Amino acid sequence: MNIEPSKVAMNLVNGCLVATLQFDLNRHILDSFREEILQKLQETGARGLLLDCSALTLMDSEDFEGLKRMTEMAALMGTTTVFVGLSAGIVSSLVELDVDLDGIHAALTLEDAFDRVKEFASSKGPVNPKS
Amino acid sequence: MTNVTSTEVQQLLADYEISNSDIEKVRMYGKILIPKLPDYVKHFYEWLETQPEFVEHFSDPKALARAQSLQLSYWKAFFEANIDDEFIEHRRTVGEVHARIGLSLPVYFASVNKSLIIFSERLYDKSLSPQDYLACIQAITRLIHLDTAIVVETYSRLTNQKISEQSQALMEMSTPVTAIWKGILMLPIVGIIDSKRAQDIMNAMLSKIGETRSKVIIMDISGVAVVDTAVANHLIKITKATKLMGCECTISGVSPAIAQTIVGLGINVGEVQTTATLRDALEMAFSKTGVVLRRE
């Protein structure tokens, strides 16, 4: 299967992989994004994955479910995912759509998100034996 | 006859089965009554003075004189029976006035009924044949029904409008999200939570969190009258939403009664943090945001 690259910017900062979503999602982007992210997590052994959603204006339940499944996959690989900068509008619509929000970590700023990852890392101990 | 009738007026006339001959009958009776209308006003206010509402609305003699002259022209127009847009519009104005001064509908209906009795009995000079008299009264009754319907329709529309404006104002007042400390928001909820209000609360909270970048929000529900399954679900939903904004929501003011109902209803509050008092919630919020209070 030939997948187009998602063109999502990814940077490794302080041992955390920061992925900045710069445009609204669709299925194709999600699929390739998931591939790339998981690949990158394995390469870098990052202990945290920060999904920066602050540039997004829209997110439907399907997009969110896709991202959530990705966080579950990342968790299986020993990485904590934190959603960063979800806007009030997106959150309110997600809740109205009755999306299952259990087990989701979120922060408003990248700085807070790093703190969250640190908290989890210290509470769980070293999560990724590779790092 | 210059009867400019729009479709709306024609529809109304058809709804109340008012034919042209009915209108003729009203006018025929009007020939007898229009000269006697000042007598009608006299009779009518003799009755109205016995009503408790009289003092409330007509204690000012000027207002009374004005109401009387308006009433005179109202019934004059009625018996001339030129039912056109202007006629209907005038009836709407009457309804608006009644709604504005808060005259109750029962008093209005009683007045209309009283007027009908005065017209058909007290002021009747017995100059018509019994058949004509009967037909006239029937026609007048129909036209009065039409009149009443327009007035009441306007009245209830305005009253509903007033109520919806008030509830809108109430909604805006009912979500006072305040920043009480750096990074700590507080929202006291008083009254009843329905899904509309829960939505308002959530939106107000989320936008405030986005604005202030707060880490903790305290929702005080000690003023909430009833907590049932629906309300609890709304509260849980709100806490989940704030969590997505990276802000932890603590529900404070859980009274013994509320705690009992929640457990009794078997509601799973999950990871929602709850405290009995606002004080505990505030202490928790301080420790989460790293605030240390110290007495000097």
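Note that this is a predicted model, so its numbers are computed, not measured. (Residues numbered from 1 in each chain as written. Chains lettered and ligands numbered in written order. Predicted model: local features only at pLDDT ≥ 70, side-chain atom pairs only at ≥ 80, totals over all residues.)

**Structural notes on the overall build of chain B**
For chain B, the helix and strand inventory stands at 12 helices and five strands. In chain B, which comprises 296 residues, the proportion classed as buried is 25%. For chain B, the proportion of contacts with a sequence separation of at least 24, taken over those separated by at least 6, is 83%. (Helix = DSSP H or I, 4+ residues; strand = E, 2+ residues; numbered from the N terminus. Buried ≥ 20, exposed ≤ 12 C-beta atoms within 10 Å, placed from the backbone. Contact = placed C-beta atoms within 7 Å.)

**Looking at the sheet that holds strand β5 (residues 273-274) of chain B**
All names here are of chain B. Spatial ordering of the open sheet is given by β1-β2-β3-β4-β5, a layout of five strands whose pairing is mixed. Both outer strands of the open sheet, β1 (178-181) and β5, are each paired with one neighbouring strand and no more. In this sheet, β5 lies alongside strand β4 (residues 248-252) in parallel orientation, the contact comprising two bridges. Counterpart to Ile251 in the pairing with β5 is Thr274. Here helix α12 (residues 278-289) sits on the sheet and contacts β2 (184-191), β3 (216-224) and β4; the angle it forms with β3, its principal contact strand, is near 175 degrees. (Pairing = 2+ DSSP bridges. Axes fitted to C-alpha atoms, helices over the stretch in contact; angles between N-to-C directions.)

**Structural notes on the interface of chain A and chain B**
Each side of the interface is counted separately: chain A has 15 residues, and chain B has 13 residues. Contributions of two or more residues to the side of chain A that touches chain B are made by α3 (88-96) and β5 (105-107) of chain A. With five residues, α3(A) is the largest single contributor of residues to the side of chain A that touches chain B. Looking at side-chain class alone, the side of chain A that touches chain B contains 11 nonpolar, three polar and one charged residues. (Nonpolar A, V, L, I, M, F, W, Y, C, P; charged D, E, K, R; others polar.)

**Some remarks on the environment of B:Leu235**
Its location among the elements puts B:Leu235 in helix α10 (residues 229-244). As a C-alpha pair, B:Leu235 and B:Ile201 span 34 residues in sequence and 9.7 Å in three-dimensional space.

**So, the pairing of β4(B)**
Residues and elements named next belong to chain B. Among the five residues of β4, five are classified as buried, and the element is accordingly described as predominantly covered. Where burial is concerned, the two faces of β4 agree: the one with Glu248, Thr250 and Ser252 and the one with Cys249 and Ile251 are both buried. With five bridges connecting them, β3 and β4 associate as parallel partners. Note on β4: the bridge partner recorded for Met219 is Ile251. Taken together, β3, α10 and β4 constitute a β-α-β crossover, and its handedness is right-handed. What joins β4 to β5 is helix α11 (residues 256-264), and the crossover it makes is right-handed. (Right-handed = clockwise from strand over helix to strand, strands pointing away.)

**A word on the nonpolar core**
One finds A:Leu49, A:Leu50, A:Leu51, A:Val91, B:Ile217 and B:Met245 to be the most contacted residues of the largest nonpolar core, which totals 68 residues. Ignoring sequence-local partners within four residues, the contact set of B:Met245 consists of A:Leu86, A:Ala88, A:Val91, A:Ala106, A:Leu108, B:Leu206, B:Ile209 and B:Gly210. B:Ile18, B:Ile118, B:Phe119 and B:Cys136 belong to the second largest nonpolar core, which has 16 residues in total. (Core = buried A, V, L, I, M, F, W, Y, C linked by C-beta atoms within 7 Å.)

**Describing the packing of helix α9 (residues 195-212) of chain B against α10(B)**
Residue and element names in this part refer to chain B. As a packed pair, α9 and α10 sit with axes 10 Å apart at the nearest point and diverge in direction by 20 degrees. In this view, α9 runs roughly parallel relative to α10, as classed from their interaxial angle. Between α9 and α10 the crossing geometry is right-handed. Facing α9, whose interface residues are Ser195, Ala198, Ile201, Met202, Met205, Leu206 and Ile209, α10 presents His234, Ile238, Ala241 and Thr242. When the residues that make up the contact of α9 with α10 are grouped by side-chain class, the tally is eight nonpolar, three polar and no charged. (Parallel < 35°, antiparallel > 145°, perpendicular 65-115°, else oblique. Left-handed = near helix turned anticlockwise from the far one by under 90°.)

**Some remarks on the sheet that holds strand β4 (residues 80-84) of chain A**
Residue and element names in this part refer to chain A. The mixed open sheet is built from five strands, whose spatial order is β1-β2-β3-β4-β5. Of all strands in the sheet, those bounded by a partner on one side alone are β1 (9-13) and β5. Taking the axes of each pair of neighbouring strands and ignoring which way they run, one obtains an average angle of 25 degrees across the sheet. Here helix α1 (residues 27-44) sits on the sheet and contacts β1, β2 (16-20) and β3 (48-52); the angle it forms with β2, its principal contact strand, is near 155 degrees.

**Structural notes on the environment of A:Ser61**
All names here are of chain A. By the secondary structure assignment, Ser61 is in helix α2 (residues 61-76). Judged by C-beta crowding, with 15 C-beta atoms within 10 Å, Ser61 ranks as partly exposed. Distance in space between the C-alpha atoms of Ser61 and Leu97 is 6.8 Å, their sequence separation being 36 residues. Not counting the four nearest positions on each side in its chain, Ser61 is found in contact with Leu94, Leu97 and Val99.

**Examining the confidence of the model for chain A**
Mean pLDDT for chain A: 83, with 91% of residues reaching 70 or above. Here residues 126-131 of chain A scores under 50 on pLDDT; set against residues more than four positions off or in separate chains, the count is 10 contacts. (pLDDT = per-residue confidence, 0-100.)

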